[in-house]
Each structure stands twice: as C-alpha cells, then as structure tokens.
Amino acid sequence: MVVPHHPTGARLARHRLADDLAGVVPPTLLADLIAVLAELVGNAVRHARPLPGGVVRVAWRLRPSADGPRIQLRVTDGGAGTGPRIRTASPDSADGRGLHIVAGLATRWGVERDGLGQRVWAEFDPAPAPRPDLVTAG
C-alpha cells in the first residue's frame, strides 16, 4: 500500500494492517505489529525523503510455518543522509526511542538500500504454542 509522506500516513497504515490481520494473528501480536509499523512509518516521515509522488510504500507478508505465521513488515522511503540507527535517549528526551521499540518487539529488523531509497523491515517469528503440560510458577 502507498501512504502519504505525512503523519497521517502512519494512521492509514495502522488501520489497514489492523483490518487485514484481525482474526489472522493473535491480538497481542497484532498490537505489536501495529506499534512497530507506526514507528517505521513515523520514522520514514520524520527522517527520510518521500518516494516520487510524496509517498511512502508500506507492505506486510505472512509466511506460513508449523508454529504459525512468520510476518515481515516493510516500509520503503526515498532515503536519508544517514541510515536508521538506534540512538541513546536521555530520560528527558522527547524522542529517540522508536527503534528501541522496534528492536524490542520484532524478532529482527534491518535496512536495505538501493538507488531509489531505503527499505526498513521488521520480522516477527511465531510465538511458541502454549504447553498445557507445563505449569508456570508465580
């Protein structure tokens, strides 16, 4: 999907992802996917140039596995002078925590560059199925 290179683009992407994956993935995973997608689109809008037409490209892919779907989110923009990187934010900083959120929720994430821009991706492995034969001590 293509969204505007504008803060409203993150809202549009979140709603479309929620509509497409509701009932397909567990609600807790969907919440993580929505949070990560919002961060990636927000970072593209805030820090990178748009693609031609003033847009950002957003995509997701589910790949079946024995444990459940593996999911990849991708956000493609026109690139920036420096690539995305995790920053250290002080407790008083208003921003600088987005990629910490992405790294904490996704199984892995990365950046791919080509002559047209960059693609930031995040992948989610399926959660292991609960084991009813195991008891969790509290």
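Computed from a predicted model, the values in this text were never measured in an experiment.

Participant: Honestly, the environment of A31 in this entry has me stumped. Any pointers?
Facilitator: Structurally, A31 is set in helix α2 (residues 27-47). Owing to a relative accessible area of 43%, A31 belongs among the partly exposed residues under this scheme. Sequence-wise, A31 and L105 are 74 residues apart; in three dimensions their C-alpha atoms are separated by 10.0 Å.

Participant: I would appreciate a short explanation of the nonpolar core in the present structure.
Facilitator: One broad trend across soluble globular proteins is that nonpolar side chains are buried collectively. Grouped together as the largest cluster of nonpolar side chains are 27 residues, with contacts concentrated most on L33, L37, V41, V58, L73 and F124. Only α1 (7-21), α2, β2 (55-63), β3 (70-77), α3 (98-105) and β5 (117-124) provide two or more residues apiece to this core. Looking at this core, the element that brings in the most residues is α2, giving nine residues. Once residues within four sequence positions are removed from consideration, V41 is found in contact with V3, G9, A10, A13, V58 and V75.

Participant: How should I be thinking about the side chain of E123 in this particular structure?
Facilitator: For E123, the location among the structural elements is in strand β5. Polar contacts involving the side chain of E123 include one to the side chain of Q72, which spans 2.9 Å. If near-sequence neighbours (up to four positions away) are discounted, E123 is found in contact with R63, I71, Q72, A106, T107 and R108.

Definitions and cut-offs
Residues numbered from 1 in each chain as written. Predicted model: local features only at pLDDT ≥ 70, side-chain atom pairs only at ≥ 80, totals over all residues. Heavy atoms only, no water. Helix = DSSP H or I, 4+ residues; strand = E, 2+ residues; numbered from the N terminus. Buried < 20%, exposed > 50% of the residue type's maximum accessible area, 1.4 Å probe, protein only. Core = buried A, V, L, I, M, F, W, Y, C linked by side-chain atoms within 4.5 Å. Contact = heavy atoms within 4.5 Å. Polar contact = N/O pair within 3.5 Å; in protein donor to acceptor, adjacent residues only side chain to side chain.

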